[in-house]
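Now for the letters of each chain:
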Amino acid sequence: MKNIWIVFVGAVLLGACNNSQPASQTGKIMDTNVVKDLHTLSNADSISIKHLFLDIAVDFDKKRISGSATWTIENTNKLSEIIFDTYDLTIDSVLVDGKKQTSSLDKEIEFLGSALHIPIAANSQTVQIYYTTGQYARALQWLEPQQTFGKKYPFLYTQSESIYARSWLPCADGPGIRYTYDARVQVPKGLLALMSAENPQEKNDSAVYHFKMDKPIPAYLMALAVGDIAFRKIDKRTGVYAEPVMADKARYEFEDVGKMVTTAESLYGPYRWGRYDVIVLPPGFPIGGMENPKLTFATPTIIAGDRSLVNLVAHELAHSWSGNLVTNKTWNDFWMNEGFTEYFERRISEAMNGKDYADMLWELGYEDFEDEVSNLGKDSKDTWLKLDLKGRDPDAGLTDIPYEKGSHFLKLIENTVGRKDFDVFLNKYFAEHAFKSITTEEFLAYLDTNLLNSRQAAKDSINIKAWVYGPGIPANCPRVKPVLFEKVDAARTQFLDGTPPAQLNTESWTTYEWLHFLRKMPKSLTVDKMKALDEVFHFTKSTNSEIADLWFAMAITANYEPAYEAMEHFLSYVGRRKFLEPLYSEMMKTGKQDMAKRIYQKYRQNYHPLAQESLDKTVLGTK
Ligand code: BES
Ligand code: ZN
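Please read these numbers as outputs of a predicted model, since none were measured by experiment.

1. Re the site of ligand 1
1) Next: Around ligand 1, the structure places 17 residues, and the nearest of them are Glu-161, Gly-288, Glu-291, Glu-316 and Tyr-403.
2) Next: A distance of 2.6 Å is found between an oxygen atom of ligand 1 and a backbone nitrogen or oxygen belonging to Gly-288.
3) Next: Coverage of ligand 1 by the protein chains reaches 86% of its 520 Å² of free accessible surface.
4) Next: Counting residues per element, the ones that place at least two in the shell around ligand 1 are β18 (289–290) and α5 (311–318).
5) Next: A per-element tally of the shell around ligand 1 places α5 first, with 3 residues.
6) Next: When grouped by side-chain class, the residues that make up the shell around ligand 1 number 6 nonpolar, 6 polar and 5 charged.
7) Next: In this structure, the shell around ligand 1 is formed jointly by two domains, domain 1 (40–226) and domain 2 (229–320), each of which donates at least three residues.

2. Quick word on the coordination of the zinc ion (ligand 2)
For a metal bound by four donors in tetrahedral geometry, the ideal donor-metal-donor angle is 109.5 degrees, whereas six donors in octahedral geometry ideally sit at 90 or 180 degrees.
1) Next: Looking at the zinc ion (ligand 2), the protein donor atoms are His-315 (NE2), His-319 (NE2) and Glu-338 (OE), and they sit 1.9 to 2.1 Å from it.
2) Next: Mapping the donors of the zinc ion (ligand 2) onto the primary sequence gives the spacing H-x3-H-x18-E. One end of the pair, His-315, is in helix α5; the other, Glu-338, is in helix α6 (residues 335–353), with 23 residues separating them in the sequence.
3) Next: His-315 sits in the buried class, given a relative accessible area of 7%.
4) Next: Of the residues examined, Glu-338 reaches a relative accessible area of 2% and is grouped as buried.

3. A closer look at the sheet that holds strand β2 (residues 64–74)
1) Next: Within the open sheet, the 7 strands sit side by side as β5-β4-β8-β2-β1-β11-β13. Their pairing is mixed. The open sheet has two edge strands with one neighbour each: β5 (99–101) and β13 (208–218). The sheet shows a mean angle of 20° between the axes of neighbouring strands, direction not considered.
2) Next: Bridge count for strand β1 (residues 48–59) against β2 is 11 bridges, and the pairing is antiparallel. Its bridge partner lying in β2, Ile-56 is registered against Gly-67.

4. Some remarks on the domain arrangement of the protein
1) Next: The domains assigned to the protein are domain 1 (40–226), domain 2 (229–320), domain 3 (354–468) and domain 4 (483–620).
2) Next: The distance between the C-alpha centroids of domain 1 and domain 4 comes to 40 Å.
3) Next: With 8 residues of domain 1 at the interface, the matching set in domain 4 holds 7 residues.
4) Next: Around 560 Å² of area is buried between domain 1 and domain 4 when both sides are counted, 48% of it from carbon and sulfur atoms.
5) Next: Interface area lost by domain 1 to domain 4 is led by Arg-138, Gln-141 and Gln-147, which between them contribute 72%.

5. Focus: the nonpolar core
1) Next: Ranked by internal contacts, the top residues of the largest apolar core, which has 155 residues, are Leu-54, Trp-71, Trp-168, Met-195, Leu-224, Phe-254 and Phe-443.
2) Next: In this view, Leu-54 contacts Ser-68, Ala-69, Tyr-131, Trp-168, Leu-169, Asp-182, Ala-183, Arg-184, Met-195 and Met-222; residues no more than four positions away in its chain are not counted.
3) Next: Of all hydrophobic cores here, the second largest spans 52 residues; its members include Val-488, Phe-517, Ile-547 and Ala-553.

6. Observations concerning the pairing of strand β10 (residues 155–158)
1) Next: By the alternation rule, side chains of β10 split into Phe-155 and Tyr-157 and Leu-156 and Thr-158, which are all buried.
2) Next: Strand direction decides the pairing type here: strand β9 (residues 140–143) and β10, joined by 4 bridges, are antiparallel. In the strand pairing of β10, Gln-141 is matched with Tyr-157.

Rules of the game
- Residues numbered from 1 in each chain as written.
- Chains lettered and ligands numbered in written order.
- Predicted model: local features only at pLDDT ≥ 70, side-chain atom pairs only at ≥ 80, totals over all residues.
- Heavy atoms only, no water.
- Near = heavy atom within 4 Å.
- Polar contact = N/O pair within 3.5 Å; in protein donor to acceptor, adjacent residues only side chain to side chain.
- Areas by Shrake-Rupley, 256 points an atom, 1.4 Å probe, with all protein chains shown as cover.
- Helix = DSSP H or I, 4+ residues; strand = E, 2+ residues; numbered from the N terminus.
- Nonpolar A, V, L, I, M, F, W, Y, C, P; charged D, E, K, R; others polar.
- Domains from an automatic or database assignment.
- Donors = N, O, S within 2.8 Å, 3.2 Å for Na, K, Ca; no water.
- Buried < 20%, exposed > 50% of the residue type's maximum accessible area, 1.4 Å probe, protein only.
- Pairing = 2+ DSSP bridges.
- Axes fitted to C-alpha atoms, helices over the stretch in contact; angles between N-to-C directions.
- Contact = heavy atoms within 4.5 Å.
- Buried area = accessible area lost by both parts, 1.4 Å probe.
- Core = buried A, V, L, I, M, F, W, Y, C linked by side-chain atoms within 4.5 Å.

Have a look at this one:
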């Protein structure tokens, strides 16, 4: 245990020393008790930021947002300036307590953007910044009508995590800085706007919408969606938003969401955010889901028609506790958001679908963990739970490690101390840290005091240091053997030994059995074997995006051409990076560079700016 504290103190000191400009110049105070978040240029951790009033207009013709952000502050440390994060923003003017003030923008730093300096007085209370977003706003995806389901109206959505909020509003963009907000958003007539806040349920004639978030949240949870959007009720406090043509399908798919919220509450305490709604976005949305408070943003690729992929909603809902209520203080502590959430998601799933079902999720997650460790290298520091993202884009930390090593670490603690005591601990942990951001080290200290201190043997057997500050898969990593996979393994073996697919017993298989069946096939199947599977199970035509994506990757490896047309169609409209990256990189690896380039160039404009950035590298070889 001791070494942890050495590492911790070392990190704090390093952070403080690396603060390259003298305090007098930046208005920063050197406080070695404060952990430095290296991904924000703001000094708002030393000024108390209370509230934001955002007053913006969304212009689809010019593809930009403009308006003002008014921050209510309390300059408790009497600093001479306040610094905000910006990324490709034009600052039109700045008012401090209603009086015009000159401000200055620093030169842009890669990933981080430009620091906006505004002189303030000891008693300054409001800072109002008029601004306009730029064409490289990484948080914004502007869709043309043909990129939506309805094809008639344009659509806009934001994706602020990790450090992209600064590209659509000037803010203190660090997960350790929280504030409440109100907003007034003007959109073109006929469209609805929604935020991570109290939301309208229908359009109004003025096309001006008002929002309120009365719980303090960090900037990465700021979110906005604008489009032709309809609402469907699920129960009293849950509902679903989607484009009108998708609304009923989405409503059907999410039938169990109300029950999910109640189940989550029965595990870890009250849901603290009022309503829980989900919005199903157009297909270009770059990720599976985003836990924007009160309103999860979700990819339409989970609308399978049979409710088989709703588990993703359990994950985003779980963030209402782990992540949104108790937040990682810096992106180096990212496992605190995602590892807890993955653990919690599987607990919700177990409570709703039974242990055998949840065991499959654990095993698939373990396999992801293994694969990621082998991708990154078993000695790589990127396989530590505590990350070191200094000088890097926080996206570099977005691997399976925080998710899977994190969730397995918590599972190990559960197994060691027993579920009952661990649940009591977690309930207390969420209650005592509600609306706070904390570091890994603060969590470990809390864990020690409240759970492990009195159990020396348990503490020794967990070996926290190996998990948090060590690489790879620790020797004591728990692994379940799902009973439901036994039948699947048997079926796969039979198939590989020559049994025709029609004779395999695949009755009542869920998505997870199918994924396991396909994942564990040999690296490259013969075209004949692919054909035999496809004729019986119709994978090429699958409406389940997880299964389809895996199947298309196998088709590329096996040169199974009958799947190519469907794969190209999939790539033409799906923007989820998790699906795009494996397909394009498999094409590149198996001598199909021309095919990859042709398809990519044709559909590149349908992908999110961040997906374009990474696929440009994978497919076009640009740096
Ligand atoms: N918060 C994440 C998404 C995220 C993380 C966006 C970091 C940007 C930076 C979200 O909760 C998430 O994990 N989504 C997953 C789905 C989940 C079921 C594992 C996804 O999008 O695939
Ligand atoms: Zn998550």
